[in-house]
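Next come the chains, spelled out residue by residue.
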Protein chains: 8
Amino acid sequence: MERQHLLTLLQRVKTGDLSPDDAIREVEHTSFEDLGFAKLDHQRARRMGFPEVVFAEGKSDEHLLGICRAHLAAQPRLLVTRLAPERHGALADHLDGGRYNPTARTVSFGEPPGEGRGDVLVVCAGTADLPVAEEALETARIMGSRAELIADVGVAGLHRLLAHRRRLEQARVLVVVAGMEGALPSVVGGLVDKPVIAVPTSVGYGAGLGGVAALLAMLNSCAPGVTVVNIDNGFGAGYAAALINRGPQE
Amino acid sequence: MERQHLLTLLQRVKTGDLSPDDAIREVEHTSFEDLGFAKLDHQRARRMGFPEVVFAEGKSDEHLLGICRAHLAAQPRLLVTRLAPERHGALADHLDGGRYNPTARTVSFGEPPGEGRGDVLVVCAGTADLPVAEEALETARIMGSRAELIADVGVAGLHRLLAHRRRLEQARVLVVVAGMEGALPSVVGGLVDKPVIAVPTSVGYGAGLGGVAALLAMLNSCAPGVTVVNIDNGFGAGYAAALINRGPQE
Amino acid sequence: MERQHLLTLLQRVKTGDLSPDDAIREVEHTSFEDLGFAKLDHQRARRMGFPEVVFAEGKSDEHLLGICRAHLAAQPRLLVTRLAPERHGALADHLDGGRYNPTARTVSFGEPPGEGRGDVLVVCAGTADLPVAEEALETARIMGSRAELIADVGVAGLHRLLAHRRRLEQARVLVVVAGMEGALPSVVGGLVDKPVIAVPTSVGYGAGLGGVAALLAMLNSCAPGVTVVNIDNGFGAGYAAALINRGPQE
Amino acid sequence: MERQHLLTLLQRVKTGDLSPDDAIREVEHTSFEDLGFAKLDHQRARRMGFPEVVFAEGKSDEHLLGICRAHLAAQPRLLVTRLAPERHGALADHLDGGRYNPTARTVSFGEPPGEGRGDVLVVCAGTADLPVAEEALETARIMGSRAELIADVGVAGLHRLLAHRRRLEQARVLVVVAGMEGALPSVVGGLVDKPVIAVPTSVGYGAGLGGVAALLAMLNSCAPGVTVVNIDNGFGAGYAAALINRGPQE
Amino acid sequence: MERQHLLTLLQRVKTGDLSPDDAIREVEHTSFEDLGFAKLDHQRARRMGFPEVVFAEGKSDEHLLGICRAHLAAQPRLLVTRLAPERHGALADHLDGGRYNPTARTVSFGEPPGEGRGDVLVVCAGTADLPVAEEALETARIMGSRAELIADVGVAGLHRLLAHRRRLEQARVLVVVAGMEGALPSVVGGLVDKPVIAVPTSVGYGAGLGGVAALLAMLNSCAPGVTVVNIDNGFGAGYAAALINRGPQE
Amino acid sequence: MERQHLLTLLQRVKTGDLSPDDAIREVEHTSFEDLGFAKLDHQRARRMGFPEVVFAEGKSDEHLLGICRAHLAAQPRLLVTRLAPERHGALADHLDGGRYNPTARTVSFGEPPGEGRGDVLVVCAGTADLPVAEEALETARIMGSRAELIADVGVAGLHRLLAHRRRLEQARVLVVVAGMEGALPSVVGGLVDKPVIAVPTSVGYGAGLGGVAALLAMLNSCAPGVTVVNIDNGFGAGYAAALINRGPQE
Amino acid sequence: MERQHLLTLLQRVKTGDLSPDDAIREVEHTSFEDLGFAKLDHQRARRMGFPEVVFAEGKSDEHLLGICRAHLAAQPRLLVTRLAPERHGALADHLDGGRYNPTARTVSFGEPPGEGRGDVLVVCAGTADLPVAEEALETARIMGSRAELIADVGVAGLHRLLAHRRRLEQARVLVVVAGMEGALPSVVGGLVDKPVIAVPTSVGYGAGLGGVAALLAMLNSCAPGVTVVNIDNGFGAGYAAALINRGPQE
Amino acid sequence: MERQHLLTLLQRVKTGDLSPDDAIREVEHTSFEDLGFAKLDHQRARRMGFPEVVFAEGKSDEHLLGICRAHLAAQPRLLVTRLAPERHGALADHLDGGRYNPTARTVSFGEPPGEGRGDVLVVCAGTADLPVAEEALETARIMGSRAELIADVGVAGLHRLLAHRRRLEQARVLVVVAGMEGALPSVVGGLVDKPVIAVPTSVGYGAGLGGVAALLAMLNSCAPGVTVVNIDNGFGAGYAAALINRGPQE
């Protein structure tokens, strides 16, 4: 926030033109920290009660570490996603204090408040979908949700899924992760009356087209109540699930 | 439900092998009415408190009317979607008692219970997106949600959207409808901390590829918390919004 | 078959250069009737015990009727596919003796031998998939297979499908027809240990891409034993099912 | 299978509510071994007489070996697919007892019962298609089929294919493997009256689009009786061929 | 050609700066008739000995007739392509003197010189490919080539094609027309040692993608010597065949 | 602009908290007229000196006319695009005062100020590209630019283009319109040192993919200085050309 | 330029057939230096006042250095693009005198004349878009434009962008760089009345399709005045911006 | 050729059932050498006067060398294509006697007969297209054609191309190689009245889609007489050019 802007706000508070509440609101919505190569919005995280999240891929090491440091200087919770094990190995010294999950490829700093609220259930079709499913889990948890995983319940062996039917019905929101033909969200969506967030993965080959087949299947799901995120976007699914799980009054 | 199956269940209840609660549950999950060309799941609607929904496109008139009649015989609430005005004109006599919305192309039978709970806000980018937005509205309402619409607030004139900023922040869940470049959900997603369901529409031409451009944009949204449904799928978005809006205890 | 070629063959038989059996074989493999715009292979049908099949779309009325007449002059069984009701209405006088199935859009001439052998089971996901499913049924039947249909058992209401589980397990070969997300063949493939032929349909809209979404899903099925035919190709699926059903000794 | 579920079953058997046969059936259909990251369905293999199959790509070494061990502890036959030579080299010590085929990239454990039944014929268009063709061969064989290969008979040199015409006609089911323009299944399908399973390969470049050109060609085959599997999916083709080859009575 | 430019040229001829031969050449390469909405290059046709060609689709009736009249005023030979029968019916009075081929949808004015040279052979896979094949025939003929057609010799019945093997070998250049899987050019290309121009057609449905499947197949042909034109572009194939057929000395 | 917001602004002006200049600016940026189904931004047009533009396709007649009326009530200049001749015929009475260009499918109300500044040159490849080229012309002119057209100078007859070389070099900005292979912008871009806006059209068939081939070609132009708009988007090209042509001081 | 051609020109000048001005013009338009593997057009750069530009990717080291040397021998300004840091490291000795920008991956030789004219503003959405944005900056600057950068102002945090609103309005031309959903050019285009050149980047994953999602979004922008260049084509955008920025009189 | 088949032929010759000429013909068309993994058709090469050609990519070293040896044992001329420099380095000892062209990535064995007939002209747009252009050159030459190259004459600098106009007109057949927007074949096709074979290359990035943009452009060429081969298929273009160049009498 520019000094001049802040000054103006304060003068308007003084003259009674602006209430203190509205001034705080204005500050929260318009301020950010400018690193030159990045503009960090600490207030957003603060006012929403969310941690910061940094997507590591495509950023240089220098930019990545600079952004992490600036965030951690402003507040204690941070999630770094898409940090491959080799790259984490090289940067680990600069990221101390963070917990690395090598399957999810995430680093988590700080703790969510309390024990985790609500009930997010992550379900994945095959073993190869685990990295995406774990990314969703880590994201939902650091945003303060209680979250659990059921793995390897693809539709070609329905009884493995049906064995968990009651657990599925109890969840407040479900994240369903699948590659190949992407059928699992439709089947789960037909079993429950809760929001289902479908995550296609790039697991597969050939006509899987890097996850596009699963993506299209999920977008065309015959089960209503299914919404979809980008291929391999475990983070986005976990984030949306946490928003839904938080409920209206929070 | 086949007679034999029901008999077995009852015998198990009598012998104490099955509790009455579990027997009801079993009945609800396994029964349907078989019309030959269609198998209707009245229990699902009943146990979830939802209306039935019938997608009119691709069904012959005979099948469409047969399915509607069977549903209405079993329970009073029904939503018919994708019924073009000309077709509705021809079938109106057979659909009396239903309210037709020619923009949404829906027919609604029966009333949702109470005044509508929660707060679903549907936002659309342009005038040509109205049919999809109204389909979402009709769906959310008949499922029991309170739902409102803000129209024609595309990103090329941001101040039209920002004029509604407080209203956006109040909603419990938002449905954001846009064609062409599909940017509106990203902008709205950055303004609120609530779940955003993005609906791409086929509005546009050329490289819009019938809505694929907007769909891809929404799937790649840089705003977290955005999930996506199929092109022109106002129904799916309204349905998912109503599920999210209903909350955990309901 | 050209006269000269036949003469040569007979001379070789006379000189003992060719056995009568091999000569018949040669005749069967190389002869056809030349209408100028079409070359009809009556022998193929005769030696395989199959009816002739004519794809009506894209052929002029004149060509279509000419081909049908030439086939029926040579042998009594014929299947015409993709003949829309309006076009059939206009041509019906020229196609008398044929049974028209308006859902399947097929005309069948002649009867298969016997009562139908084996057990082909056609399963379809929704009411709108019926035309494709019926085309598969008609094809399998005129090729001599016993064939039945189970309709409207899409994956979003699994109990409708599971209610038919024993019937599914009894079939010798299954044709599974679905549009939208195309998940049904994967689920069926996981329930049975028989060949499953998956038929994607163009039922759906938007990201269904005219059946491409269902096609891709089926090609990426996680259930082994599933093979796939072209979008809406009920004929091809019924034909392949009949070949499989016929078994090795026939 | 959860202990509680089993207990309930046994009690129902004791009370006569469930016959011993049905109880066995129930056990077979609902039990699996849960490794946490994977849920193994040993009963499926057992009741169908099939070996287990593990797809190696996309699984971590730890998960891959854990799954193999668990399968081999339960029964002796196992097929591992898509294990590249370098990876096999690194893991060979942990996979002893298995026969590695470096062209097919498969490891086979155990022997199929008997000498191989029926007659599966695998045909491939070019030398570069051999890995996929050999994967189909290995799969069909370990499932108990007799299977043979004819290589390098692409359509640009028809006489190489026609030299094998009688052999083609003898087979009970054919797997036809081709990249580039994918024309071979149409030509073979026109020569035989048996089921043809077409396998497109990623052999080619440019407008071959990684096998999509061959895939589309095969899906549009003008020869009826041709069904298709995913690009490079030799396993799926071999599996379906073995199912078809097994016939109804088995 | 602008008057001023011509004057300059003539002055340079007069001063000896330009030879008469070079001046003629310059005139031929730079002149055209300007209709405002179109610029007609009569010299190109004249110096190459080719007829003019007008593509009718996408032009208004007024533009189409204006262009035809201007061409016919300058020279007698003209080919109009893509003129659908209904449109021809409406415009026939304005196109008198032209021969309409309703299958090819072409109107031909004037006669090629002599009896037709060389030997262009057009081969098509199915009856529905005839419009494209006939467009190629008409084009090659009006450009002065001798051209013949063999119809309905698709690869699913190879003996129909092989019956014409000697005729195929005699041609100087072949145009091979096919829809669906587009395999015919590969097979023909393997039988002859002459240039093969492949024409994909939009015949087919579903995964045929409007002719894209056939196009891709032809571009990936394993038979060398095959080149390809646009989907349904019988004109382009006939034109290129005539150029090849004309040979170097002409 | 809401009354309350305006009141606040005025009070701030009165107290000296806001200068009159800033207040005007604020008004201009935040006001719009709300029709319910549309929100009209009259200030944007006014402050930029631009006419309003209404895209007719996809809007109902009622919405279209309502928007036109509201715009014309606020200011005199208006451009309606994509109004097909038949639809214009039906609505002409309600659009009196507007000049209809049936090739461009535009209606223009009011006159641009002055004689037209700068020099926009529209160049198109073929006669069938004229509707798009004329839409660009009409747009540039009503925005106040001087604009001219050169038609039918496609790259297959280069001398037709080169005859206009000096005219091309004189333009301040060029709009180059082409379908099929879309090569013209690359050739023009190599001849001039001015900005070139390329407009792909849907003219063509088959592998033209509705203009996608031309679009891709233009995006990959080897001539620097070429930028691209959507397929058939003559309006967008004319608008951007007018912006560029206006120059910095205007 | 061939000696003979030059001789002819001079003779025409001598005879008065050609003015000296036109002769210079002719020389400038037709001469190039032929390296065998490349033909360099030094005159173009000279007469337009532009530097030479060499695209490094896809050229062998030998060709790249040969072209650079030949250009620098003819004139002092040169821009080399797409030279990755590792490759630059290996070639640096051969490129001395050039300034390497490792983010932009460009080498610049020589200085633009004067201080930079006009006002090109480059705006990018995220940190990962910086390489493309810097390539645009370097290009605009060496072509003589004044150019600045605003980074990390993606649409999910609008207040970061709106904080720069006045700066945006001052620019003469804007280059807007964004990956993922590519929404930024639409938002910027709605805020300013200047030409906006949109550059999609390949930043993103999955359904981003390597930048195609952003490209399609930008082509469908609802803000008029937006034109688009190829994915990651910072050079092309900077070049076009410099052309626009130069204005008509230059 | 199988011994039995040959015996039969000879007996038929002896009995007069087959003329010696026809028997030779039969032998030539049906014989091949079977290596197990490959079936080599030496007769085709022999009777057509062509060298053998082996595509190296996708073949194991063992298969590649085995095929080369078998060919060279049967006849002296052989062309190996797509052999990358590194791989050639490793195999060079096994390929002695062959001339390696590292740009074209070809190895040539033996000499074409005579000095090269006719006149094939290869033209390429940019320096990066040289590998494909050289592959075409090498192929045309070893097949006996005289062939030359003009490089770096892309359409953005037309005068470089026009400087070669007379040379272009002299060629009997032209191969035109271009990446990016693929416009060169259209321009060349408009300048000459000879067959033009267009070769798209994968040179470019982003929306070039690996050569698909250039491929589509060439398929949609507005210049008649242009036919197209696969992306980067210099071999196919050179082969077709040699066939066309050979003429009818050869």
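All figures in this text were calculated on a predicted structure; none of them were measured in a lab.

How each quantity is defined
- Counting restarts for each chain: residues are numbered from 1 in the order of the written sequence.
- All chains are assigned letters beginning at A, and all ligands numbers beginning at 1, according to the order in which they are written.
- Owing to the predicted nature of the model, reporting of local features is limited to residues with pLDDT of at least 70; listing and counting of side-chain atom pairs is limited to 80 or more, with chain, interface and lining totals taken over all residues.
- Excluding hydrogens and water, the side-chain values take into account all heavy atoms of the structure.
- Runs of E in the DSSP output that reach at least two residues are strands. Runs of H or I that reach at least four are helices, and both are numbered from the N terminus.
- Whether two residues touch is decided by their heavy atoms; if any such pair falls within 4.5 Å, the residues are in contact.
- Here the Shrake-Rupley method, with its probe set to 1.4 Å, supplies the accessible areas, and only the displayed protein chains count as covering residues.
- Should DSSP find at least two bridges between two strands, the strands are regarded as paired.
- Axis lines are fitted through C-alpha atoms, for helices just across the contact stretch, and the angle between N-to-C directions can take any value from 0 to 180 degrees.
- Relative accessible area decides the class of each residue, using a 1.4 Å probe on protein chains only: under 20% of the type maximum gives buried, over 50% gives exposed, and in between gives partly exposed.
- The superposition of copies rests on a least-squares fit of C-alpha positions from residues with pLDDT of 70 or more in both.
- Each crossing gets its hand from how the near helix is turned against the far one by less than a right angle, where anticlockwise is left-handed and clockwise is right-handed.
- By convention in these notes, a salt bridge is any Lys or Arg side-chain nitrogen within 4 Å of a carboxyl oxygen on Asp or Glu.
- Polar contact is defined as a pair of N or O atoms within 3.5 Å, subject to the rule that within protein one atom must be able to donate a hydrogen and the other to accept it, and that residues adjacent in sequence are counted only when both atoms are side-chain atoms.
- Classification convention: Asp, Glu, Lys, Arg as charged; Ala, Val, Leu, Ile, Met, Phe, Trp, Tyr, Cys, Pro as nonpolar; all other residues, Gly among them, as polar.
- By this rule, a helix spans an expected 1.5 Å times one less than how many residues it contains.
- Disulfides are defined in this document as cysteine sulfur pairs within 2.5 Å.
- For any pair of parts, buried area is found by adding up, for both, the accessible area (1.4 Å probe) each one loses once the two are put together.

**Here we look at the overall build of chain A**
Link 1 in the chain: Summing up its helical and strand segments, chain A has eleven helices and eleven strands in all.
Link 2 in the chain: Expressed as a percentage of contacts within chain A between residues at least 6 apart in sequence, the contacts between residues at least 24 apart total 65%.
Link 3 in the chain: A total accessible area of about 8,800 Å² is found for chain A, and carbon and sulfur atoms account for 52% of it.

**Considerations on the sheet that holds strand β6 (residues 106-109) of chain A**
Residues and elements named next belong to chain A.
Link 1 in the chain: Pairing is mixed in the open sheet, where four strands are placed in the order β3-β4-β6-β5. Only two strands of the sheet have a single neighbouring strand rather than two, namely β3 (52-55) and β5 (99-101). The sheet shows a mean angle of 15 degrees between the axes of neighbouring strands, taken without regard to direction.
Link 2 in the chain: In this structure, β5 lies alongside β6, joined through three bridges in antiparallel fashion.

**What about the side chain of A:Asn233?**
Link 1 in the chain: With respect to the helices and strands, the residue A:Asn233 is situated in the loop between β11 (226-228) and α11 (234-246).
Link 2 in the chain: In this structure, A:Asn233 is in contact with A:Arg82, A:Glu135, A:Val199 and G:Tyr205, ignoring residues within four places of it in sequence.

**Regarding the environment of G:Gly234**
All names here are of chain G.
Link 1 in the chain: Residue position: Gly234 is located in helix α11 (residues 234-246).
Link 2 in the chain: Using a relative accessible area of 0% as the deciding quantity, one classes Gly234 as buried.
Link 3 in the chain: Here the alpha-carbon distance between Gly234 and Gln11, two residues 223 residues apart in the chain, equals 46 Å.
Link 4 in the chain: The contact partners of Gly234, leaving out residues within four places of it in the chain, are Val132, Glu135, Ala136 and Val199.

**Quick look at unusual backbone geometry**
Link 1 in the chain: Even without glycine at this site, D:Leu209 takes up a positive phi of about 50 degrees.
Link 2 in the chain: Structurally, the position occupied by D:Leu209 is in the loop between β10 (196-200) and α10 (212-219).
Link 3 in the chain: When its relative accessible area of 39% is taken as the criterion, D:Leu209 is described as partly exposed.
Link 4 in the chain: In the Ramachandran plot, G:Met180 falls in the positive-phi region, its phi being about 50 degrees despite a non-glycine side chain.
Link 5 in the chain: As for its placement among the helices and strands, G:Met180 is situated in the loop between β9 (173-178) and α9 (184-191).

**As for the relation of the copies chain D and chain A**
Link 1 in the chain: Overlaying chain D with chain A gives an RMSD of 0.1 Å, the required rotation being 90 degrees about an axis along which the chain moves by 0.0 Å. On this basis, the relationship between the two copies can be described by a four-fold rotation axis. Relative to the rotation axis, the C-alpha of D:Leu209 is the closest in chain D, positioned 7.4 Å from it.

**Regarding the packing of helix α6 (residues 130-142) of chain F against helix α11 (residues 234-246) of chain F**
Residues and elements named next belong to chain F.
Link 1 in the chain: Relative to each other, α6 and α11 sit at 35 degrees, their axes nearing to 7 Å. Of the two elements, α6 crosses α11, and the hand of that crossing is right-handed. Along the contact surface, α6 presents Val132, Glu135, Ala136, Thr139 and Ala140, while α11 presents Gly234, Phe235, Gly238, Tyr239 and Ala242.

**Overview of the relation of the copies chain A and chain B**
Link 1 in the chain: Rotating chain A by 180 degrees and moving it 0.0 Å along the rotation axis overlays it on chain B with an RMSD of 0.0 Å. The two molecules are tied by a two-fold rotation axis, judged by turn and shift. The position closest to the rotation axis in chain A is occupied by the C-alpha of A:Val228, lying 2.5 Å away.
Link 2 in the chain: A high fraction, 100%, of the interface residues of chain A reappear at the interface in chain B, so the copies pair face to face through one surface.

**Describing the interface of chain A and chain B**
Link 1 in the chain: Taken residue by residue, the interface counts 34 residues in chain A and 34 residues in chain B.
Link 2 in the chain: The interface formed by chain A and chain B includes two salt bridges.
Link 3 in the chain: The closest approach of N and O atoms between A:Asp193 and B:Arg246, which form a salt bridge, is 3.6 Å.
Link 4 in the chain: Remark: the boundary between chain A and chain B carries six residue pairs in polar contact (both at pLDDT 80 or more).
Link 5 in the chain: Of all the secondary-structure elements, those providing two or more residues to the side of chain A that touches chain B are α2 (20-30), α3 (42-48), α8 (165-170), α9 (184-191), α10 (212-219), β11 and α11 of chain A.
Link 6 in the chain: Split by residue class, the side of chain A that touches chain B holds 17 nonpolar, seven polar and ten charged.

**Some details on helix α6 (residues 130-142) of chain D**
Residue and element names in this part refer to chain D.
Link 1 in the chain: End to end, α6 covers 18 Å across 13 residues, agreeing with the expected 18 Å (1.5 Å per residue, within 8%).
Link 2 in the chain: Across the 13 residues that make up α6, a large majority, ten, are buried.
Link 3 in the chain: Positive backbone phi, approximately 100 degrees, marks Gly144, located one or two places after α6.

**Re the sheet that holds strand β3 (residues 52-55) of chain C**
Residue and element names in this part refer to chain C.
Link 1 in the chain: Within the open sheet, the four strands sit side by side as β3-β4-β6-β5. Their pairing is mixed. Of all strands in the sheet, those bounded by a partner on one side alone are β3 and β5 (99-101). If you compare each strand with its neighbour and ignore which way they point, the axes differ by 15 degrees on average.
Link 2 in the chain: The pairing of strand β4 (residues 78-81) with strand β6 (residues 106-109) spans three bridges and is classified as antiparallel. Paired with Val80 across the two strands is Val107, which belongs to β6.
Link 3 in the chain: Each of β3, β4 and β6 touches helix α4 (residues 61-74); the most contacted strand, β4, lies at about 165 degrees to it.
Link 4 in the chain: Along the sheet, helix α6 (residues 130-142) contacts β4, β5 and β6; its crossing angle with β6, the most-contacted strand, is approximately 10 degrees.

**Section: the pattern of salt bridges**
Link 1 in the chain: All told, the structure shown has 88 salt bridges over all chains when counted by the stated rule.
Link 2 in the chain: E:Arg146 is the partner of E:Glu148 in a salt bridge, and the nearest nitrogen-oxygen pair spans 3.9 Å.
Link 3 in the chain: A residue is classified by how much of its surface remains accessible, and E:Arg146, at 38% relative accessible area, is partly exposed.
Link 4 in the chain: Within this structure, A:Asp119, A:Arg146, A:Glu148 and A:Arg167 form a network of salt bridges that share partners.

**Concerning the environment of E:Leu161**
Residue and element names in this part refer to chain E.
Link 1 in the chain: Residue position: Leu161 is located in helix α7 (residues 158-162).
Link 2 in the chain: Assessed through its relative accessible area of 1%, Leu161 is described here as buried.
Link 3 in the chain: Not counting residues within four places of it along the chain, the set of residues in contact with Leu161 comprises Val153, Leu168, Leu184, Val187, Val188 and Leu191.

**Here we look at the state of the cysteines**
Link 1 in the chain: The full count for this structure, using the stated rule, is zero disulfides over all chains.
Link 2 in the chain: Cysteine G:Cys222 remains unbridged, with the sulfur of B:Cys124 as its closest cysteine sulfur at 12 Å.

**A few points about the interface of chain D and chain A**
Link 1 in the chain: Counting from both sides, the interface comprises 22 residues of chain D and, opposite them, 16 residues of chain A.
Link 2 in the chain: Overall, the association of chain D and chain A removes approximately 1,400 Å² of surface from exposure, summing both partners, and the carbon and sulfur fraction of that is 58%.
Link 3 in the chain: When the buried surface of chain D facing chain A is broken down by residue, D:Phe32, D:Lys39 and D:Asn230 rank first, second and third, together holding 34% of it.
Link 4 in the chain: Linking chain D with chain A are zero salt bridges, by the criterion used here.
Link 5 in the chain: Connecting chain D to chain A are seven residue pairs in polar contact (both at pLDDT 80 or more).
Link 6 in the chain: Taken together, the elements giving at least two residues each to the side of chain D that touches chain A come down to α2 (20-30), α4 (61-74) and α10 of chain D.

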